[in-house]
Amino acid sequence: MQLSPELLGWLVVASVITFIGTIILIPILVVRIPVDYFMRKERDVLPWSSRYPVIRVILLTGKNILGILFVGVGILLLALPGQGLVTIFLGILLLDFPGKFKLERWIISKKPALRSINWLRKRSNCPPLEIPKELE
């Protein structure tokens, strides 16, 4: 199968946009992760989650769409220039699904993931993420 020049052009444009987008968005999102996020045994319940059901549904839908987009772009960035693993991790952080917190803790227990995230945090003058001893 041969790619048409038009399709190849669109792939190059998408690659450049995702590369620049990840360079801008990833540090912003990594800095927003609370230092003790992985020290908790369970995720905290949001205080407004039961008071405003319509707003909650809208925000959750938007957050999940953004998370799916990040995971998809991260998978593409594994083959294209960019930070694929970090982008996938941030996409997972945005998604809501059963077992998510356990998956996040498993991913962050891998030294390359933790090292990359803490490197980005250090560049933004943020303290490194704390992780429990059992995850090290």
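Quick note: structure is the one above.
In this text the structure is predicted, and so the values were computed from the model without any measurement.

Trainee: Which residues make up the overall build of the protein chain, and what are the values?
Mentor: If you tally the helices and strands in the protein chain, you get five helices and zero strands. Across the protein chain, helices and strands are ordered from the amino to the carboxyl terminus as α-α-α-α-α. Evaluated residue by residue, the protein chain yields a buried proportion of 32% over its 136 residues. Put simply, of all contacts in the protein chain between residues at least 6 apart along the chain, 63% involve residues at least 24 apart. Surface exposure of the protein chain reaches about 9300 Å², of which carbon and sulfur atoms provide 70%. Side chains of the protein chain carry 17 positive and 9 negative charges; the gap between the two charge centres is 3 Å.

Trainee: Outline helix α4 (residues 100–108), supporting the account with residue identities and numerical values.
Mentor: Listed as buried for α4 are Lys-100, Phe-101, Glu-104, Arg-105, Ile-107 and Ile-108. Buried residues of α4, viewed axially, fall in a sector of 160 degrees; they line one side. Exposed side of α4, more than 90 degrees from the buried face: Lys-102 and Trp-106 are the residues found there. Lining the buried residues of α4 we find α2 (53–77), α3 (84–94) and α5 (111–123).

Trainee: Please set out unusual backbone geometry residue by residue, giving values where relevant.
Mentor: Here the phi dihedral of Asn-125 falls at roughly 60 degrees; this positive angle occurs in a residue that is not glycine. Tracing the sequence through the fold places Asn-125 in the segment after α5.

Trainee: How would you sum up the packing of α2 against α3? Please name residues and give values.
Mentor: Between α2 and α3, whose axes approach to 7 Å, the crossing angle comes to 165 degrees. Relative to α3, the element α2 lies roughly antiparallel. The element α2 and its partner α3 pack so that their crossing is left-handed. Of the residues in α3, those touching α2 at Lys-63, Asn-64, Leu-66, Gly-67, Phe-70, Val-71, Val-73, Gly-74, Ile-75 and Leu-77 are Gly-84, Thr-87, Ile-88, Leu-90, Gly-91, Ile-92, Leu-93 and Leu-94. The residue inventory of the contact of α2 with α3, partitioned by class, reads eleven nonpolar, six polar and one charged.

Trainee: With reference to specific residues and values, describe the layout of surface pockets.
Mentor: If you add up the space inside the second largest pocket, you get close to 230 Å³. Every residue along the wall of the second largest pocket is listed here: Leu-85, Val-86, Ile-88, Phe-89, Ile-92, Trp-106, Ile-107, Lys-110, Pro-112, Ala-113, Ser-116 and Ile-117. Secondary structure elements with two or more residues in the lining of the second largest pocket: α3, α4 and α5. Top contributing element to the lining of the second largest pocket by residue count: α3, with five residues. Considering only residue class, the lining of the second largest pocket consists of ten nonpolar, one polar and one charged.

Trainee: Run through α5, naming residues and quoting values.
Mentor: An ideal rise of 1.5 Å per residue puts 18 Å on 13 residues; α5 measures up with 18 Å between its terminal C-alpha atoms. For α5, the secondary structure elements touched by its buried residues are α1 (5–31), α3 and α4. After α5 finishes, the residue Asn-125 shows a positive phi value of roughly 60 degrees.

Reading the values: rules and limits
- Residues numbered from 1 in each chain as written.
- Predicted model: local features only at pLDDT ≥ 70, side-chain atom pairs only at ≥ 80, totals over all residues.
- Heavy atoms only, no water.
- Helix = DSSP H or I, 4+ residues; strand = E, 2+ residues; numbered from the N terminus.
- Buried < 20%, exposed > 50% of the residue type's maximum accessible area, 1.4 Å probe, protein only.
- Contact = heavy atoms within 4.5 Å.
- Areas by Shrake-Rupley, 256 points an atom, 1.4 Å probe, with all protein chains shown as cover.
- Lys, Arg positive; Asp, Glu negative; His and termini not counted.
- Charge placed at Lys NZ, Arg CZ, Asp CG, Glu CD.
- Arc of directions from axis to C-beta.
- Axes fitted to C-alpha atoms, helices over the stretch in contact; angles between N-to-C directions.
- Parallel < 35°, antiparallel > 145°, perpendicular 65-115°, else oblique.
- Left-handed = near helix turned anticlockwise from the far one by under 90°.
- Nonpolar A, V, L, I, M, F, W, Y, C, P; charged D, E, K, R; others polar.
- 1 Å grid on protein atoms, 1.4 Å probe; cavity = no way out; pocket = protein on both sides within 12 Å on 5 of 7 lines; lining within 4 Å.
- Points joined across faces, edges and corners; volume = space filled by probe spheres on them.
- Expected span 1.5 Å × (residues − 1).

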